[in-house]
Amino acid sequence: MSTKIPIAALTPQELCDTLGLTPSFRAKQVYLWISKGVTSFDQMKNLDKGSLALLEEKAVLRSSRVSKEFRDEDGTIKLQVTLEDSCAVETVLLTDREERKTACVSCQAGCAMKCAFCQTGTLGLARNLTASEIVEEFLFLEERAGRLDNIVFMGMGEPLQNLDAIRKAIAILTDPAGRALSPRRITLSTCGIVKGIYELADKGPSVRLAVSLTTANEELRKSLMPVAVGNPLSELKKAIAYFSQKTQKRVTLEAALMSGINTDEKSAQALIDFAKGLDVHVNLIPWNPVKSLPFTTPSKSECYAFLHKLESANIPTTLRMKRGSNVNAACGQLGATGMSRQD
């Protein structure tokens, strides 16, 4: 592995302290160039030869690299990003009907949560990503798709298990002196770690929260999502209410619908009961096929019956459209290329 320092997530002061870059305005210039997505130090046109030589000697703009690229006909882009230790993660660019572009980034190589319906959960956890590696995912996507509008931590891994690195990456991406992404355009998705939700509410960062609920049937949720064993629905509901009150932000509840598993009327009613009294919006996500998993995508009639049940109870609900499923880039499909380098 290289001894050079990855600098994608270093502040100007850290660039000075870590690299010995002087005077301080040089570090601000480097910082701004990184936020613009330059891929070589030579592109930093306003730096003097001494600063460029120092950067070449001690630093690296990207510690990871894109090893595979997939494009769906709906405009979705999926990148396999190989990290310096040869672990690989996947990151996705989604474009909606209004042409808004969203980066769906990974925060871990693999995942320890073992949700039964998720491809990533079958891989196990290799390690957390660093803040630099997370920022690099975003920059790789902007390099291919232009300026992005949103970022969602909904890729590989459980964000609340790598919150320090995510905090640092968000601080870099939202810095007005750098990339200046609006914090209002950032969403973090968790499978429901109660302690982490309280920490996010109390200590930030100030982002939107999405909770992968899937079902409000306690026993079914335990069988589908092992995290539910130590994070019961009653405590999860309290944490969601606390987050909304503390941050004044509406929380998204995500439900991956699997035919014959959680699409019946009782499942809909349980979700309604859970959502009552909370400031939430429900996203219904028809399960995206994963060959190795024993589930079935629900029919349109199943999905719409479930949707109408929630709407009739005045629960704000959206039935999500599929994006990226042809290249295994849809919700729950990440990790099809594995965690080891595949080139």
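Preceding this paragraph is the structure being described.
A brief report on the enclosed structure follows. The shown structure was predicted, so the numbers you read here are calculated from the model rather than taken from an experiment.

## What about the overall build of the protein chain?
Right, so step 1: Across its full length, the protein chain holds 10 helices and 14 strands.
Right, so step 2: What you see for the protein chain is a C-alpha radius of gyration of 21 Å, in line with the 20 Å of a compact globule of 343 residues.
Right, so step 3: The principal-axis extents of the C-alpha atoms in the protein chain amount to approximately 70 × 45 × 35 Å.
Right, so step 4: The buried share of the protein chain, reckoned over its 343 residues, is 55%.

## So, unusual backbone geometry
Most peptide bonds are trans, and most residues other than glycine sit at a negative phi.
Right, so step 1: Cis rather than trans, the peptide bond between Thr-22 and Pro-23 has omega equal to -10°.
Right, so step 2: Take Pro-23: it is sitting in the loop between helix H1 (12-19) and helix H2 (24-35).
Right, so step 3: Geometrically, the link from Gly-204 to Pro-205 is a cis peptide bond, its omega value of 10° lying close to zero.
Right, so step 4: Examined against the element boundaries, Pro-205 turns out to sit in the loop between helix H6 (194-203) and strand E11 (208-212).
Right, so step 5: Positive phi is not limited to glycine here, since Ser-86 has a value of about 75°.
Right, so step 6: As for its position among the elements, Ser-86 is in the loop between strand E4 (77-82) and strand E5 (88-95).
Right, so step 7: Judged by its relative accessible area of 27%, Ser-86 is partly exposed.
Right, so step 8: Despite not being glycine, Gln-248 shows a phi value in the positive range, around 60°.
Right, so step 9: Mapped onto the elements, Gln-248 comes out in the loop between helix H8 (233-247) and strand E12 (251-257).

## Considering the environment of Asp-96
Right, so step 1: Position of Asp-96 among the secondary structure elements: in the loop between E5 and strand E6 (101-104).
Right, so step 2: Using a relative accessible area of 25% as the deciding quantity, one classes Asp-96 as partly exposed.
Right, so step 3: A C-alpha to C-alpha distance of 9.3 Å links Asp-96 and Asp-74, two positions 22 residues apart in sequence.
Right, so step 4: Polar contacts involving the side chain of Asp-96 include one to the main-chain amide nitrogen of Glu-98, which spans 2.9 Å.
Right, so step 5: A polar contact of 2.7 Å, which involves the side chain of Asp-96, links it to the side chain of Arg-100.

Definitions and cut-offs
Residues numbered from 1 in each chain as written. Predicted model: local features only at pLDDT ≥ 70, side-chain atom pairs only at ≥ 80, totals over all residues. Heavy atoms only, no water. Helix = DSSP H or I, 4+ residues; strand = E, 2+ residues; numbered from the N terminus. Rg over C-alpha atoms; globule rule 2.2 N^0.38 Å. Buried < 20%, exposed > 50% of the residue type's maximum accessible area, 1.4 Å probe, protein only. Polar contact = N/O pair within 3.5 Å; in protein donor to acceptor, adjacent residues only side chain to side chain.

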